[in-house]
Amino acid sequence: MSRVIFHNSTGAPQAPAPKGGVLDTHGRPMRDLRISVTDRCNFRCTYCMPREVFGADHAFLPHSALLTFEEISRVAQIAAGLGVHKIRLTGGEPLMRKQLEVLVGMLAALRTPEGEPLEIALTTNGALLARKAKALAEAGLQRVTVSLDALDDVLFQRMSDGGVTVATILEGIEAAARAGLAPVKVNMVVRKGMNDAQILPMARHFRGSGHILRFIEYMDVGNTNGWRMDEVVTGAEIVGIIGAEFPLEPVGAGYRGEVAARWAYRDGGGEIGLITSVSQPFCGDCTRMRLSPEGRLFTCLFAEQGHDLRGLLRAGASDAALAERLGGVWRARGDRYSEHRGEAQREHKIEMSYIGG
Ligand code: SAM
Ligand code: SF4
Ligand code: SF4
């Protein structure tokens, strides 16, 4: 099969940052802020928080260590002044943070320097979504991504280890769509020998549903999942598997920095996305800053250390001082981990359940 090109990321210098915006050392603007609101989760996905490591005696952060909603909202407003347009709430499991809709409401009230509202999105495992979707949408949430790795209940339970059924997650997805959060994106991490036989059943289920199924290559994030390259099913392989049953054609990127390569069913049955972080990395277009639950900034999913912001926040720093810190961390950023994977192994990477993907 000829090589399938997924991304138009060239690594070439990007367009200038918007007024007041900042560029990193590779010319990438800071456009997105991913906020992890908790390190806790009601699941123990084997590839993210394996129970052997995240057991009953695991020390999660105490509540007092977490940024308050006011602190998060303040950081988001300062980030908006530096070019951020989009905020994604994540975790751990973000719906485990009580009254998350209150935070969503606070973020929805923020404006960019041009007076535009920020786009507010959420990534969730979906277990609590059916009961939360309406309140979140009413508070101003615009988009939701739900993680679901299998339709087969036994396999799903084995992978997610949370005692929650597939039916509950599907109800959450439908509730989100009814609440106005459509199209819902559904993320499936594919791990060879584990759930690759679910690629076609998942594609069949979500084809024509109005939801967008996205396949994520299994990544070497964190230090606990024992990742091996031969467990990765590449985006090209996935396109081949689905395309053999339902012909597909590539679609252009929806917006600058979109990480999922989009493919449409030729018969009009909707589209799928491929997130090929391992086989075809997209560092050249990576415009994401990450904020950890206790206020550390991370400039890459594979970073080994963060930059503390909470100390400044709690010491009464001015907005100007916070903007200087946030902007300074971004300006110094040189990350391209996925493009150099294998060349230099990192020993102490940040855990996905802490920083949220
Ligand atoms: N708990 C929420 C959830 O599962 O959607 C939000 C946090 S979770 C860390 C964010 C995303 O990262 C999920 O879609 C999850 O499947 C994905 N993820 C976790 N570990 C991964 C890995 N090793 N490779 C690829 N994706 C991973
Ligand atoms: Fe929890 Fe999400 Fe990690 Fe699964 S992927 S353990 S749901 S944080
Ligand atoms: Fe962005 Fe780091 Fe992922 Fe590259 S490896 S796309 S810089 S988060």
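Residues numbered from 1 in each chain as written. Chains lettered and ligands numbered in written order. Predicted model: local features only at pLDDT ≥ 70, side-chain atom pairs only at ≥ 80, totals over all residues. Heavy atoms only, no water.

Novice: Quick question: what am I supposed to make of the overall build of the protein chain here?
Specialist: Each helix and strand in the protein chain was counted, giving 10 helices and 12 strands. Taking 21 Å as the expected radius of gyration for a compact globule of 357 residues, we find that the protein chain reaches 19 Å, a close match to that expectation. Seen through its C-alpha atoms, the protein chain measures out along the principal axes to roughly 60 × 45 × 40 Å. A burial count over the protein chain gives 55% of its 357 residues as buried. Of the contacts made within the protein chain by residues no fewer than 6 positions apart, 73% connect residues no fewer than 24 positions apart. About 14,900 Å² of surface is accessible on the protein chain, with carbon and sulfur atoms providing 52% of the total. Of note, the protein chain has its 42 positive side-chain charges centred 3 Å away from the centre of its 41 negative side-chain charges. (Helix = DSSP H or I, 4+ residues; strand = E, 2+ residues; numbered from the N terminus. Rg over C-alpha atoms; globule rule 2.2 N^0.38 Å. Buried < 20%, exposed > 50% of the residue type's maximum accessible area, 1.4 Å probe, protein only. Contact = heavy atoms within 4.5 Å. Areas by Shrake-Rupley, 256 points an atom, 1.4 Å probe, with all protein chains shown as cover. Lys, Arg positive; Asp, Glu negative; His and termini not counted. Charge placed at Lys NZ, Arg CZ, Asp CG, Glu CD.)

Novice: Got a minute to help me understand the sheet that holds strand β3 (residues 119-124) in this structure?
Specialist: Strands pair in a sheet through their backbones, by hydrogen bonds, and they do so in one of two ways: parallel or antiparallel. Spatially, the 12 strands line up as an open sheet ordered β7-β8-β9-β6-β5-β4-β3-β2-β1-β10-β11-β12, and their pairing is mixed. A strand with exactly one partner marks an edge of an open sheet, and here the two such strands are β7 (248-251) and β12 (307-308). Bridge count for β7 against strand β8 (residues 261-265) is four bridges, and the pairing is antiparallel. Paired with Pro 250 across the strands is Trp 263, a residue of β8. Relative to strand β4 (residues 143-147), helix α5 (residues 166-181) is tilted by about 175°, and along the sheet it contacts β4 and β5 (185-190). The sheet contacts of helix α9 (residues 319-331) involve β10 (288-291), β11 (296-298) and β12, and relative to β10 the element is tilted by about 130°. (Pairing = 2+ DSSP bridges. Axes fitted to C-alpha atoms, helices over the stretch in contact; angles between N-to-C directions.)

Novice: Looking at this structure, how should I read the nonpolar core?
Specialist: What tends to happen in soluble globular proteins is that the nonpolar side chains get buried as a cluster. In terms of nonpolar packing, the biggest core is built from 93 residues, with Leu 33, Leu 89, Ile 169, Phe 215 and Ile 242 touching the most fellow members. With seven residues, the single largest contributor to this core is helix α1 (residues 69-81). With residues near it in sequence (within four places) discarded, Phe 215 still touches Met 188, Val 190, Ile 199, Ile 238, Ile 242, Ile 272, Gly 273, Leu 274 and Ile 275. Among the nonpolar cores identified, the runner-up in size contains 16 residues, and Ala 65, Met 219, Val 278 and Phe 298 belong to it. (Core = buried A, V, L, I, M, F, W, Y, C linked by side-chain atoms within 4.5 Å.)

Novice: Sorry, what's going on with the packing of α1 against α9 here?
Specialist: If you want to describe how two helices pack, look at the angle between their axes and the distance between the axes. Two elements in contact, α1 and α9, have axes separated by 10 Å at closest approach and are oriented at 70°. Classified by the interaxial angle, the pair formed by α1 and α9 is roughly perpendicular. The handedness of the crossing between α1 and α9 is right-handed. Where α1 approaches α9, its residues Arg 74, Val 75, Ile 78 and Ala 79 are matched on the opposing element by Asp 319, Leu 322, Ala 323 and Leu 326. Residues of the contact of α1 with α9, tallied by class, amount to six nonpolar, no polar and two charged. (Parallel < 35°, antiparallel > 145°, perpendicular 65-115°, else oblique. Left-handed = near helix turned anticlockwise from the far one by under 90°. Nonpolar A, V, L, I, M, F, W, Y, C, P; charged D, E, K, R; others polar.)

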